[in-house]
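# Residue-level structure breakdown
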Amino acid sequence: MKRSKLAVILVFIGAVLLAMLVLFTSRERVEVMPLDETTLEQFQEASSRAMSQSNGLPYAVAASASLRMAMAELGHDPDKTLLYWMSPRFQKDLANRPEAMSISRSTANLLSLALGDQAGDEDFALILKQLSTEVRAAAIERRSKE
């Protein structure tokens, strides 16, 4: 049973990575996902579609993969987006926006899901396998501060 669950997870991860590769190479994109109303609506729809295809995966793993897949589907680089959202530069850029509080809450929630902040150790390990080296390091650092 445990091997079959792992096989499903690995197949899903492979499919996510392949989809992201196809999307990265086939579209012009703004690397960091903008946080405007239209983009966030499109992101929510794409994320819901991706999540609906994650049968059998633990919620934390599926949510993390779905968020990154949705960013890629919209033509944005998930790694660069997540790293930017965690950066001091983002906080500085955000301070100049009137909707800063709302955006800050939204990005904090998305980061928490994408990086598996609330995931158990086993699920967190699966999420880490899906992340780039830089994002993986940032996720581990965030988790160690909890």
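Up top you'll find the structure we're talking about.
Notes on the structure in this doc start here.

Definitions and limits used
- Residues numbered from 1 in each chain as written.
- Predicted model: local features only at pLDDT ≥ 70, side-chain atom pairs only at ≥ 80, totals over all residues.
- Heavy atoms only, no water.
- Phe/Tyr/Trp six-rings, centres within 6.5 Å; stacked < 30°, edge-to-face > 60°.
- Lys NZ or Arg CZ within 6 Å of the ring centre and 35° of its normal.
- Salt bridge = Lys/Arg side-chain N within 4 Å of Asp/Glu carboxyl O.
- Helix = DSSP H or I, 4+ residues; strand = E, 2+ residues; numbered from the N terminus.
- Buried < 20%, exposed > 50% of the residue type's maximum accessible area, 1.4 Å probe, protein only.
- Core = buried A, V, L, I, M, F, W, Y, C linked by side-chain atoms within 4.5 Å.
- Contact = heavy atoms within 4.5 Å.

Looking now at the packing of aromatic side chains. Scanning all chains against the criterion turns up 1 aromatic pair. Look at Tyr84 and Phe90: their rings are 5.2 Å apart centre to centre, the planes differ by 75°, and that puts the pair in the edge-to-face class. Arg143 extends its terminal NZ or CZ atom over the ring of Phe124, reaching a point 4.1 Å from the ring centre.

What follows deals with the pattern of salt bridges. Considering all chains together, one arrives at 7 salt bridges under this definition. A salt bridge links Asp93 to Arg89, with the shortest nitrogen-to-oxygen separation between them at 3.7 Å. One end of the pair, Asp93, and the other, Arg89, are both in helix 5 (residues 88–95), 4 residues apart, so they sit about a helical turn from each other. Of the residues examined, Arg89 reaches a relative accessible area of 55% and is grouped as exposed. Across the pair Asp121 and Arg143 runs a salt bridge, and its minimum N-O distance is 3.2 Å. Pair noted here: Asp121 is in helix 7 (residues 121–130) and Arg143 is in helix 8 (residues 133–145), with a separation of 22 residues, a long-range link. Residue classification places Asp121 among the exposed positions, given a relative accessible area of 63%. The exposure class assigned to Arg143 is buried, which follows from its relative accessible area of 19%.

Below, the discussion takes up the nonpolar core. By size, the foremost hydrophobic cluster in this structure holds 32 residues, and its most contacted members are Phe43, Leu82, Trp85, Phe90, Leu115 and Leu131. Elements that contribute at least two residues to this core include exactly helix 2 (37–52), helix 3 (59–73), helix 4 (78–85), helix 5, helix 6 (100–114), helix 7 and helix 8. Counting residues per element, this core draws most heavily on helix 3, which supplies 6 residues. For Leu131, the residues in contact, after removing those within four places along its chain, are Arg68, Ala114, Leu115, Arg136 and Ala139.

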